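# Per-entry structural report
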Amino acid sequence: MNWIDTHAHTYEPSQGQESSRVLVERALAAGVCKQIMGGVDMASVEPAMELCRAFPDTVYPTIGLHPTEVRADYVQALDGLYNCLSADAGQKSDRNPHYVAVGEIGMDLYHDKAFFKEQQDAFRTQLHWAKELKLPVVLHVRNAFEEAWHILKGEQDGTLKGVFHCYSGSVEQSARVLDLGFMFGIGGVLTFKNAGLPEVVRNVPLSSLVLETDAPWLAPVPYRGQPNESSYIPVIGHKLAEILGWTPEEIADATTANACRLFGL
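Scope of this entry: the structure provided in the associated data block.

What counts, and at which threshold
Residues numbered from 1 in each chain as written. Predicted model: local features only at pLDDT ≥ 70, side-chain atom pairs only at ≥ 80, totals over all residues. Heavy atoms only, no water. 1 Å grid on protein atoms, 1.4 Å probe; cavity = no way out; pocket = protein on both sides within 12 Å on 5 of 7 lines; lining within 4 Å. Points joined across faces, edges and corners; volume = space filled by probe spheres on them. Nonpolar A, V, L, I, M, F, W, Y, C, P; charged D, E, K, R; others polar. Helix = DSSP H or I, 4+ residues; strand = E, 2+ residues; numbered from the N terminus. Buried < 20%, exposed > 50% of the residue type's maximum accessible area, 1.4 Å probe, protein only. Contact = heavy atoms within 4.5 Å. Pairing = 2+ DSSP bridges. Axes fitted to C-alpha atoms, helices over the stretch in contact; angles between N-to-C directions.

For the coordinates displayed, the defined rule picks out 1 cavity of 30 Å³ or more. In this model, the largest cavity occupies a volume close to 40 Å³. Every residue along the wall of the largest cavity is listed here: Cys-166, Tyr-167, Gly-185, Gly-187, Gly-188, Val-189, Leu-197, Glu-212, Thr-213 and Leu-218. Partitioned by chemical class, the residues of the lining of the largest cavity number 5 nonpolar, 4 polar and 1 charged.

Moving on to the environment of Leu-240. Within the secondary structure, Leu-240 is located in helix H8 (residues 233-244). Owing to a relative accessible area of 0%, Leu-240 belongs among the buried residues under this scheme. Separated by 29 residues in sequence, Leu-240 and Leu-211 place their C-alpha atoms 9.4 Å apart. Not counting residues up to four positions away in its chain, the partners in contact with Leu-240 are Leu-190, Val-201, Leu-206, Leu-209, Leu-211, Ile-251 and Thr-255.

Pairing is parallel in the open sheet, where 3 strands are placed in the order E1-E2-E3. In this open sheet, the two strands that pair with only one neighbour each are strand E1 (3-8) and strand E3 (59-61). Sheet twist, expressed as the average angle between the axes of neighbouring strands with direction ignored, equals 15°. Each of E1 and strand E2 (32-37) is contacted by H8, which is oriented at about 110° to E1, the strand it contacts most. The strands touched by helix H9 (residues 248-263) are E1 and E2; relative to E1, the strand with the most contacts, the crossing angle is about 55°.

This is how it looks when you write it as structure tokens:
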């Protein structure tokens, strides 16, 4: 079986974890054939790219300004990221890794609302990048579904596509996500006791699901509380198979095909 981890931060392992390269190799040994590194700010660009260069055709980067990284200097931060993205778009070759998405971007009002307006502007700006360059978006939305939804609905012109990373919304909200043509990133939370995510996945088509770890965070049971890693993707896939009544092979095939279609892998 071949699996894909559509969202990880392996370039930045937790304290005590093995090196990024060891983690990638262990995932490959577990059948995780491709891994996508989630960008969060300018500082994450080079570490992620370095790992992608070490594993061509296996590890792929995204680029974006995470909503919790939006500060008073966000315009300058966006300028730097866009320069990287536009330069990449103009120098594509088979020899170098290229950004497969704009992300992770979105809105996060969980801890702090001080930069609410700045988050809105940064979100819209990066959605425009995605439309300009015909890239999918990786969305981080936490305690801000209605706020993010309002912006997404206004920007959706039929060309925007992407995934709600680490989806944590309700069944009702998932119907609205589907209406706009977006997919759902399903991770370790699916295995948590009393999680609402199983009910969500029962109510959306398998063609709209991709798997992710968000490593090194949110490790699935039985690794909960430990650093997460891409090699745990099969654990999440087997749980999804159990919930939906499919075989693990069918889940691996479907979610891998979904990821390849969304990110152009």
